[in-house]
Amino acid sequence: MEKQNLLFFFSISSCFFLFPLLSEIRGVQGSASHHHNSHGGHRGVYGGFRPRTLFVFGDSYADTGNNRKSVANSWKVPYGVTFPGKPAGRFSDGRVLTDYLAKYLGLKSPIPYRWRKYAPNRLRYGMNFAYGGTGVFKTLVLDPNMTTQIDFFQNLINESVYNQGDLQSSLALLSIAGNDYGAFLSKGGTAQDFPAFIARVVNQIATNLKRIHDMGVRKVAVTALQPLGCLPRSTVLNSFQECNATENTVVDLHNLLLQQAVAKLNNESKLDPKAFVILDLYGSFTQVLKTKGEYLGSVRFETPLKPCCMGMSSKYYCGSVDEKGAEMYTVCKNPEGAFFWDMVHPTQAGWRAVYMSLKSTLEQIK
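Residues numbered from 1 in each chain as written. Predicted model: local features only at pLDDT ≥ 70, side-chain atom pairs only at ≥ 80, totals over all residues. Heavy atoms only, no water.

If you look the chain up in an unreviewed UniProt entry, it shows as GDSL esterase/lipase from Rhododendron griersonianum. Heading Sequence similarities (unreviewed entry) of the UniProt record for the chain holds this comment: "Belongs to the 'GDSL' lipolytic enzyme family." (UniProt positions renumbered as here; feature names shortened; annotations may be inferred.)

Right under this line is the structure:
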């Protein structure tokens with residue numbers, strides 16, 4: 001992508017690019033038992049084996065309850081209204097990407113890192129280290145960024161919570177939803193520096209992928225950046241009618257560099273030329289939004305760019321209450337018929353449709 005396109009994007013829409021991250025961050029201010037799985041995986045998914053353990057790193061697209069209850073809107077009503085029926089730390093009305101990937105692998109969703117001591121029987125399925133609002137680098141929240149999340153993982157390995165047999169039969173998922181870019185802009189990042197910063201982000205993602213693989217994790221998957229210009233915080237500017245194509249040019253650069261980085265890692269992998277996998281959220285989001293989900297076994301999304309839950313004005317967001325505790329948001333009658341839950345995150349039905357779109361990619365990686 002030419003640099004002038006980035007400059008044009010920055011000049012007309014940098015404030016809107018920042019908003020999706022802030023809408024997520026608003027609500028996110030700034031001893032385990034040992035076990036041993038059978039060594040090695042069995043045939044099925046990913047390179048002739050089916051992972052028995054799932055480790056998750058990243059942000060709100062994968063977080064299933066790590067953020068603190070006192071500050072995260074993921075713990076506020078009406079989040080979790082579809083599943084499990086009350087707020088449970090997921091940034092959705094129900095299940096998120098982690099849950100559907102675990103389902104595909106035939107596993108229970110891995111326990112959030114913060115709750116590991118309360119459910120030691122769940123450790124055998126893996127662990128979720130993702131924190132909503134975080135990024136590859138330090139963002140606008142105080143929660144652990146991806147490097148620190150991987151440090152947590154390393155500590156558990158050092159403590160023999162997971163052994164090499166567990167790791168050799170495992171899959172790691174890294175979710176990157178764009179929080180680094182919101183933080184970059186909020187801290188005064190310039191148009192001239194934006195392309196170089198995107199390269200820095202992707203280089204760090206590659207470093208993280210290799211680090212996890214070098215720990216012994218057999219397969220490592222990373223999400224491509226979703227079309228940020230299609231999130232409701234952008235489509236609200238045209239009454240939720242169409243995506244911001246200019247904004248998505250930034251996403252194109254990120255995803256192009258990510259493809260190159262992952263290809264390089266696979267070329268350098270001596271044991272498995274498919275050790276690193278990209279889950280194409282850009283393509284799957286685009287397909288679902290274009291078809292309104294009707295070809296993916298989901299309920300038709302009549303207005304796919306409009307969120308189910310939103311604040312009554314720009315001052316409020318999903319889950320907001322005023323000083324008297326009155327709800328300052330509206331919720332659609334049928335979350336199943338909405339692709340987006342709030343201004344940034346898909347509904348459970350939305351994630352299911354994305355998962356159905358990704359299944360063909362998952363099945364081909366063998």
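Back to the text.
### Quick look at the pairing of strand E1 (residues 53-57)
With five of five residues buried, E1 lies mostly within the body of the structure. Going residue by residue along E1, you find Thr 53, Phe 55 and Phe 57 tucked away on one face and Leu 54 and Val 56 tucked away on the opposite face as well. Pairing geometry for E1 and strand E4 (residues 170-174), over five bridges, is parallel. Residue pairing across strands places Val 56 opposite Leu 173, the latter belonging to E4. Taken together, the three bridges between E1 and strand E3 (residues 126-128) define a ladder with parallel strand orientation. Across the sheet, Leu 54 pairs through a bridge with Gly 126, a residue of E3. (Buried < 20%, exposed > 50% of the residue type's maximum accessible area, 1.4 Å probe, protein only. Helix = DSSP H or I, 4+ residues; strand = E, 2+ residues; numbered from the N terminus. Pairing = 2+ DSSP bridges.)

### A word on the pattern of salt bridges
Under the defined criterion, the tally for this structure stands at nine salt bridges. For Asp 99, the salt bridge identified is with Arg 90, shortest N-O distance 2.9 Å. A residue is classified by how much of its surface remains accessible, and Arg 90, at 12% relative accessible area, is buried. In this structure, Glu 302 and Arg 300 form a salt bridge, with 3.2 Å as the shortest nitrogen-oxygen distance. With relative accessibility at 32%, the residue Arg 300 sits in the partly exposed group. The network of salt bridges with shared partners includes Glu 294, Arg 300 and Glu 302. (Salt bridge = Lys/Arg side-chain N within 4 Å of Asp/Glu carboxyl O.)

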